[in-house]
Amino acid sequence: GAVVSQHPSWVICKSGTSVKIECRSLDFQATTMFWYRQFPKQSLMLMATSNEGSKATYEQGVEKDKFLINHASLTLSTLTVTSAHPEDSSFYICSAPRPGAGMNTEAFFGQGTRLTVV
Amino acid sequence: DAKTTQPPSMDCAEGRAANLPCNHSTISGNEYVYWYRQIHSQGPQYIIHGLKNNETNEMASLIITEDRKSSTLILPHATLRDTAVYYCIPRNTGNQFYFGTGTSLTVIP
């Protein structure tokens with residue numbers, strides 16, 4: 001069945017560096033993907049909608065210059081956390097809608113990426 | 001998108017049915033009700049969704065009230081592996097899912 005895969009599963013980086021997280025749709029194409037962030041003991045918060053071939057759409061309050069999203073192909077979206085700081089440490093999750101159907105379909109979620117900034 | 005109210009936590013005995021309620025009194029006519037669950041440190045897993053009629057699949061049953069202001073997810077025979085946070089999400093046209101606070105279900109041996 002359709003699967004969404006993220007890489008890496010976890011990453012530790014130094015404060016001030018940038019980190020790239022990949023989200024791939026396996027065996028299906030996704031013109032749209034979604035990026036979420038989840039802090040401990042909190043719910044998932046939608047950060048942005050990644051659109052293949054065009055600019056991402058960011059939710060209110062999310063800094064587009066800090067969280068760079070690129071959706072260069074129909075199976076890959078990347079999230080780059082630029083100049084990461086400890087407060088960016090979080091669980092980042094991507095998702096893609098089930099292919100081949102209309103708007104009222106479920107979405108598949110990746111396994112998440114645990115980012116720790118030290 | 002409609003707001004939801006779910007109990008923060010629930011317990012269920014292993015082997016018994018788990019009934020998870022969700023209030024979505026402001027749901028609009030074209031919003032489906034989706035249920036996802038998230039096991040600790042994993043991505044959310046799709047369970048079931050519906051518009052008006054009750055739905056059943058291999059994982060669960062979804063009961064939606066006639067006025068559509070609330071719904072109940074039923075796990076017929078809960079196992080320890082069903083321990084997770086369960087999210088009820090009314091979803092409008094388009095593809096974004098906005099997660100609420102969910103219900104943390106603990107299945108007790």
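Residues numbered from 1 in each chain as written. Chains lettered and ligands numbered in written order. Predicted model: local features only at pLDDT ≥ 70, side-chain atom pairs only at ≥ 80, totals over all residues. Heavy atoms only, no water.

## A short note on the overall build of chain A
Basically, it comes down to this: Every helix listed is a DSSP run of H or I at least four residues long, and every strand listed is a run of E at least two residues long, numbered separately from the N terminus. When we talk radius of gyration, it's over C-alpha atoms, and the globule rule is simply 2.2 Å times the number of residues to the 0.38. Accessible area is worked out with a 1.4 Å probe on protein chains only. A residue is then buried under 20% of its type maximum, exposed over 50%, and partly exposed in between. Here a residue-residue contact requires only that any non-hydrogen atoms of the pair lie within 4.5 Å. In this description, accessible areas are obtained by the Shrake-Rupley approach with a 1.4 Å probe, and a residue is regarded as covered only by the protein chains that are shown. Only four residue types enter the charge count: Lys and Arg as positive, Asp and Glu as negative, with His and the chain ends excluded. For charged residues, the charge sits on one atom: NZ in Lys, CZ in Arg, CG in Asp, CD in Glu.
Assigned secondary structure in chain A consists of zero helices and 11 strands. Mapped in sequence order, the helices and strands of chain A form the string β-β-β-β-β-β-β-β-β-β-β. Its C-alpha atoms give chain A a radius of gyration of 14 Å, near enough to 13 Å, the size a compact globule of 118 residues would have. Taking the principal axes of its C-alpha atoms as reference, chain A extends roughly 40 × 25 × 20 Å. Looking at the 118 residues of chain A, the share that counts as buried comes to 51%. Looking at chain A alone, contacts between residues at least 24 apart form 53% of all its contacts between residues at least 6 apart. Total accessible area computed for chain A in this model is approximately 5800 Å², and 52% of it derives from carbon and sulfur atoms. Once the 10 positive and 9 negative side-chain charges of chain A are each reduced to a mean point, those two points are 4 Å apart.

## Some words on the state of the cysteines
Note the following rule: Note on terminology: pairs of cysteine sulfur atoms within 2.5 Å are recorded as disulfides.
Throughout the structure, instances matching the rule amount to two disulfides over all chains. Here Cys23 of chain A connects covalently by a disulfide to Cys94 of chain A, the sulfurs 2.0 Å from one another. What sets the handedness of the Cys23 of chain A and Cys94 of chain A disulfide is the S-S torsion sign, and at about 85 degrees it is right-handed. Of this pair, Cys23 of chain A sits in strand β3 (residues 19-26) while Cys94 of chain A sits in strand β9 (residues 90-97), and the two are 71 residues apart along the sequence. Judged by relative accessible area, Cys94 of chain A falls into the buried class, the value being 0%. Each sulfur in the disulfide pair Cys22 of chain B and Cys88 of chain B lies 2.1 Å from the other. Its torsion about the S-S bond being -75 degrees, the disulfide of Cys22 of chain B and Cys88 of chain B is classed as left-handed. With Cys22 of chain B in strand β2 (residues 18-23) and Cys88 of chain B in strand β8 (residues 84-91), this residue pair connects regions lying 66 residues apart in the sequence. On the accessibility criterion, Cys22 of chain B (2% relative accessible area) is buried.

## Some points on the pairing of strand β3 (residues 32-38) of chain B
All names here are of chain B. Note the following rule: One requirement defines pairing of two strands: DSSP has to find at least two bridges between them.
The buried fraction of β3 amounts to six of the seven residues, a majority that puts the element mostly inside the structure. In this structure, β3 lies alongside β8, joined through seven bridges in antiparallel fashion. Bridge pairing in β8 places Tyr32 opposite Arg91. As judged from the five bridges shared by β3 and strand β4 (residues 45-50), these two strands associate in the antiparallel manner. Residue pairing for β4: Arg37 is matched across the bridge by Gln45. Linking β3 back to β4 in an antiparallel pair, the connection comprises six residues, with Ser41 at a positive phi of about 65 degrees.

## Notes on the packing of aromatic side chains
Rule in force here: Working definition: rings of Phe, Tyr and Trp (its six-membered ring) pair if their centres are within 6.5 Å, and the pair is stacked with planes under 30 degrees apart, edge-to-face with planes over 60 apart, and tilted otherwise.
Under the criterion given, the structure shown has 11 aromatic pairs over all chains. On the basis of an interplanar angle of 70 degrees and a centroid distance of 5.4 Å, the ring pair of Tyr36 of chain B and Phe97 of chain B is categorised as edge-to-face. Here Tyr36 of chain B, found in strand β3, pairs with Phe97 of chain B, found in the loop between β8 and β9 (103-108); they are 61 residues apart in sequence, far enough to count as distant. Linked through ring pairs, Tyr36 and Phe109 of chain A together with Tyr34, Tyr36, Tyr46, Tyr87, Phe97 and Phe99 of chain B together constitute an aromatic cluster.

## Digging into the environment of Glu55 of chain B
All names here are of chain B. On the secondary structure map, Glu55 appears in strand β5 (residues 55-56). The partly exposed category is assigned to Glu55, whose relative accessible area is 31%. Spatially, the C-alpha atom of Glu55 lies 13 Å from that of Glu66, the residues being 11 residues apart in sequence. Residue contacts for Glu55: discarding those within four places in its chain leaves Ile48, His49, Gly50, Ala60, Ser61 and Leu62.

## Some thoughts on the nonpolar core
Inclusion rule: Here, nonpolar core means buried Ala, Val, Leu, Ile, Met, Phe, Trp, Tyr and Cys residues that are tied together by side-chain atoms lying within 4.5 Å of each other.
Trp35, Tyr58, Phe67, Ile69, Leu79, Tyr92 and Leu115 of chain A are the most contacted members of the largest nonpolar core, which totals 25 residues. At the level of elements, β2 (10-13), β3, β4 (32-38), β5 (45-51), β7 (67-73), β8 (76-81), β9 and β11 (113-117) of chain A are the ones that each hand at least two residues to this core. Dropping the residues within four chain positions of it, Leu115 of chain A is found in contact with Val11, Cys13, Val19, Val81, Asp88, Ser89, Ser90 and Tyr92 of chain A. Counting residues in hydrophobic clusters, the runner-up holds 21 residues, among them Ala2, Cys22, Ile27 and Ile64 of chain B.

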